[in-house]
Amino acid sequence: MASWVQAVGSVIAILATACIAVWQSRQQHTSALALHRAESRHARREAAKSLLVICRNCARAAAHFAAELSSRDYIYKVASGEKHFDFEELTALRDAAASVQLHSLPDVLIGPAMSLAATIRQLRQTVDIAIREHRKMDAESFENLFRTLDEMASSLSATTQDVQIELDRLQSSEESRVA
């Protein structure tokens, strides 16, 4: 009889140990998922901050380039090599905007990121065409160029504001989750 009681006691001990192990496993899994979600939110927030920095730099540079290329005379001097124009910076900005990894951004920032890349790419193309074709351009073409450059700079500024607004929303929603 004692061996039977011992056997039942052993079975109960094994079942209790198994239940504790299952409970601990579930707790560990829940903790790991929560950590993964927190790390994912952090990574998306950091990607959004990086996008904001790129947007700001592109908007400032576009405004600078639009101001710099605001006269026919200046464009002629750039085309002839008399004046320096920083094509490399414009190319670097285009590459930075194109290298933003859309899949790492929160979904609300994918559209602005795509808009940023498209606008800075169009800016680079517009400047290239203007420098290449400046001799064929009439007064109306130059006015269209100046207006287009200003519109692109304004668009990049608006995109920057959109990204800032969404980043602020993301941060405030995360803070409310934590509180």
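Bear in mind that the values here come from a model prediction, so they are computed numbers and not experimental data.

Undergrad: Quick question: what am I supposed to make of the overall build of the chain here?
TA: Across its full length, the chain carries five helices and zero strands. Each helix and strand of the chain, ordered N terminal to C terminal, gives the series α-α-α-α-α. Its C-alpha atoms give the chain a radius of gyration of 29 Å, clearly above 16 Å, the size a compact globule of 179 residues would have. Sorting the 179 residues of the chain into buried and exposed places 29% on the buried side. Within the chain, counting contacts between residues at least 6 apart in sequence, those at least 24 apart form 78% of the total. Total accessible area on the chain is roughly 11300 Å²; 56% of this is exposed by carbon and sulfur atoms. Averaging the coordinates of the 20 positive side-chain charges in the chain and doing the same for the 22 negative ones gives two points 6 Å apart.

Undergrad: Any chance you could explain the pattern of salt bridges here in plain terms?
TA: If the charged atoms of two oppositely charged side chains come close together, the side chains can form a pair. As enumerated under the stated definition, the model contains seven salt bridges in all. Between Glu 46 and Lys 49 there is a salt bridge, and its shortest N-O distance comes to 3.4 Å. On the criterion of helical spacing, the pair formed by Glu 46 and Lys 49 is a turn pair, its members being three residues apart in helix 1 (residues 2-68). When its relative accessible area of 33% is taken as the criterion, Glu 46 is described as partly exposed. Notably, a salt bridge pairs Glu 133 with Arg 132, separated by 3.5 Å at the nearest N-O pair.

Undergrad: What's the story with the packing of aromatic side chains in this structure? I'm lost.
TA: Within a pair of aromatic rings, the relevant descriptors are the distance that separates the centres and the angle that separates the planes. Within the structure shown, the criterion is met by four aromatic pairs. Seen in terms of ring centroids, Phe 65 and Phe 85 are 5.0 Å apart; in terms of plane orientation they differ by 50 degrees. Their pairing is tilted. Taken together, the residues Phe 65 in helix 1 and Phe 85 in the loop between helix 2 (72-80) and helix 3 (87-98) connect sequence positions 20 residues apart. Classification of Phe 85 as buried rests on a relative accessible area of 3%.

Undergrad: Hey, could you run me through the nonpolar core in this one?
TA: Inside soluble globular proteins, nonpolar side chains tend to come together where they are buried. If you look at the biggest cluster of nonpolar residues, it comprises 41 residues, and the most contacted ones within it are Leu 51, Leu 69, Leu 116, Ile 120, Leu 123, Val 127 and Leu 145. When residues of this core are assigned to their parent elements, the largest contribution, 12 residues, is made by helix 1. Not counting the four nearest positions on each side in its chain, Leu 69 is found in contact with Tyr 74, Ile 75, Val 78, Phe 85, Val 127, Phe 146 and Leu 149.

Undergrad: Got a minute to help me understand the confidence of the model for the chain in this structure?
TA: A low pLDDT score tells you not to read the predicted coordinates there in detail. Summing up the model confidence of the chain, the mean pLDDT is 90 and the portion of residues at 70 or higher is 98%. At the low end of the mean pLDDT range in the chain sits helix 1, at 87; at the high end sits helix 4 (residues 110-133), at 95.

Undergrad: Help me out: how do you make sense of the side chain of Thr 159 in this one?
TA: Counting through the fold element by element, Thr 159 comes out in helix 5 (residues 139-178). Assessed through its relative accessible area of 6%, Thr 159 is described here as buried. The residues contacting Thr 159, other than those within four sequence positions of it, are Cys 55, Pro 112, Ser 115 and Leu 116.

Undergrad: Would you mind showing me how to read the state of the cysteines here?
TA: Note on terminology: disulfide describes a covalent bond linking the sulfur atoms of two cysteines. Taken as a whole and assessed by the stated rule, the structure comprises zero disulfides. Cys 55 supplies the cysteine sulfur nearest to Cys 58, a cysteine that is in no disulfide, at a spacing of 6.8 Å. A relative accessible area of 0% means that Cys 58 is categorised as buried.

Undergrad: Could you clarify how one ought to interpret helix 3 in this entry?
TA: Note that an α-helix has 3.6 residues per turn; residues three or four places apart therefore point the same way. Compared with the 16 Å implied by 1.5 Å per residue over 12 residues, the 16 Å span of helix 3 between its first and last C-alpha is a close match. Listed in full, the buried residues belonging to helix 3 are Leu 90, Leu 93 and Ala 97. Viewed along the axis of helix 3, the buried residues span an arc of 60 degrees, placing them on a single side of the element. Opposite the packed face of helix 3, turned more than 90 degrees from it, sit the exposed residues Glu 88 and Ala 98. Against helix 1 and helix 4 lie the buried residues of helix 3.

About the criteria used
- Residues numbered from 1 in each chain as written.
- Predicted model: local features only at pLDDT ≥ 70, side-chain atom pairs only at ≥ 80, totals over all residues.
- Heavy atoms only, no water.
- Helix = DSSP H or I, 4+ residues; strand = E, 2+ residues; numbered from the N terminus.
- Rg over C-alpha atoms; globule rule 2.2 N^0.38 Å.
- Buried < 20%, exposed > 50% of the residue type's maximum accessible area, 1.4 Å probe, protein only.
- Contact = heavy atoms within 4.5 Å.
- Areas by Shrake-Rupley, 256 points an atom, 1.4 Å probe, with all protein chains shown as cover.
- Lys, Arg positive; Asp, Glu negative; His and termini not counted.
- Charge placed at Lys NZ, Arg CZ, Asp CG, Glu CD.
- Salt bridge = Lys/Arg side-chain N within 4 Å of Asp/Glu carboxyl O.
- Phe/Tyr/Trp six-rings, centres within 6.5 Å; stacked < 30°, edge-to-face > 60°.
- Core = buried A, V, L, I, M, F, W, Y, C linked by side-chain atoms within 4.5 Å.
- pLDDT = per-residue confidence, 0-100.
- Disulfide = S-S within 2.5 Å.
- Expected span 1.5 Å × (residues − 1).
- Arc of directions from axis to C-beta.

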